[in-house]
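# Summary of structural features
The chain contents come next:
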Amino acid sequence: MHDLVIIGAGPAGITASIYAARKKMDLVVVSENVGGQTILSSDIENYTGYQFITGIELSQKFREHLEQFEINVKEGEVATRVERVDDRIEIETNANRYEARTAIIASGRIPRKLNVPGEEEFRNRGVTYCATCDGPVFAGKDVAIIGGGNSAFEAVLQMMKIATHVYVFEATDRFRADPVMMEKAEKSENVSMFTKSKVVRIVGDRLVSGIDVEINGEDKHFDVGGILIEIGSSPASEFVRGVTKNETGEIVVDCRCATNIPGIFAAGDVTDVYAKQIVVACGEGAKAALAAFEYLSTRPQGK
Ligand SMILES: Cc1cc2nc3c(=O)[nH]c(=O)nc-3n(C[C@H](O)[C@H](O)[C@H](O)COP(=O)(O)OP(=O)(O)OC[C@H]3O[C@@H](n4cnc5c(N)ncnc54)[C@H](O)[C@@H]3O)c2cc1C
């Protein structure tokens, strides 16, 4: 029986781990990766103390900070069930089973899918949800970027420098990215932007070779070697049972990061907290760890 199991090692989970380790709590961190969405961000200019840092560099700094403590980090492990049973929290993963008096859910958000034929088949064979990680693979090719918000246009600005041609497809009737980003894309000769364009299917052989799109009701085909899907994200909260979630699946927390279930706390992007930002997630992670510590101090048996 551990004091605490933390699910997720993004900014929220890493900060919670550091605070819990400094309180000498017996903890395990279960996470698919270390860094979370920070890895996906190209340029970060709003994390206090750094005027500019890349997402990869910041996640490396987070990892180094985490490694200063002797924390049992189960990297690559995925939680499949977290549930309070009697006076303990049960955590099941793809590899292990843990019991703890408290848990902090810091599992963040996962990219939304298009749900069209070919998407799953060509995932990682030309279809990607992370322009920062995979964009360079498509240098010298024609690519399609799906989406019309800031993430999509971050991808456009990155890809227009290295791809031959960039097609941007947005399902609604307007793009919603920051005007300054859209202006840069509009000025570029190798970018073509389409609204009211609905992806119908992704095609290819071993790798992606093209995309079928319905534009203003007309079927069109584009030969592309890469497809970058940037249509937002959903909270990674499905595996958590019993806790109250809002209509979008975010875990509802109070100002101490407590959920409605005693002993289960949540922090960062997976919650209904206002503003999904690194600095906010770190702050929430700190609060969750301190709240879990206080909970244990007042209820030594976790009841
Ligand atoms: C492209 C992009 C650019 C961004 N740019 C900025 C920026 O410039 N400035 C800024 O402040 N914010 C930025 N953000 C937002 C910021 O990255 C997030 O707000 C922040 O990372 C949230 O931290 P988190 O720890 O709550 O969740 P996440 O970073 O999502 O981390 C969640 C962690 O949980 C793990 N996980 C998920 N499910 C499970 C499971 N079932 N079992 C085990 N582990 C699991 C994941 O692997 C990950 O390690 C950006 C986001 C994106 C996508």
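As the structure is a prediction and not an experimental result, all values here were calculated from the model.

## Quick word on the site of the ligand
Around the ligand, 36 residues are found, and the nearest of them are Gly-8, Gly-10, Gly-36, Gly-108 and Gly-268. Of all the secondary-structure elements, those providing two or more residues to the shell around the ligand are β1 (2–9), α1 (11–22), β2 (27–34), α4 (150–162) and α6 (278–298). Of the residues forming the shell around the ligand, the biggest block, 4 residues, is contributed by β2. Its residues assigned to classes, the shell around the ligand shows 16 nonpolar, 15 polar and 5 charged.

## Brief notes about unusual backbone geometry
One non-glycine residue with positive phi stands out, namely Asp-86, at about 55 degrees. Position of Asp-86 among the secondary structure elements: in the loop between β6 (79–85) and β7 (88–93). You can call Asp-86 exposed: it has 7 C-beta atoms within 10 Å.

## Points about the domain arrangement of the protein chain
With domains assigned, the protein chain is organised as domain 1 (2–111 + 233–298) and domain 2 (127–229). Taken together, the 6 residues of domain 1 in the interface contact 7 residues of domain 2. Residue classes in the side of domain 1 that touches domain 2 are distributed as 3 nonpolar, 3 polar and no charged.

## Regarding the packing of α1 against helix α2 (residues 55–67)
Contact geometry of α1 with α2 gives a least axis separation of 10 Å together with a crossing angle of 25 degrees. Put simply, α1 runs roughly parallel to α2. In this structure, the crossing between α1 and α2 has a hand that is left-handed. Residue-level inspection shows Pro-11, Ile-14, Ser-17 and Ile-18 of α1 in contact with α2, the latter providing Phe-62, His-65 and Leu-66.

The rules we used
Residues numbered from 1 in each chain as written. Predicted model: local features only at pLDDT ≥ 70, side-chain atom pairs only at ≥ 80, totals over all residues. Near = placed C-beta within 6 Å. Helix = DSSP H or I, 4+ residues; strand = E, 2+ residues; numbered from the N terminus. Nonpolar A, V, L, I, M, F, W, Y, C, P; charged D, E, K, R; others polar. Buried ≥ 20, exposed ≤ 12 C-beta atoms within 10 Å, placed from the backbone. Domains from an automatic or database assignment. Contact = placed C-beta atoms within 7 Å. Axes fitted to C-alpha atoms, helices over the stretch in contact; angles between N-to-C directions. Parallel < 35°, antiparallel > 145°, perpendicular 65-115°, else oblique. Left-handed = near helix turned anticlockwise from the far one by under 90°.

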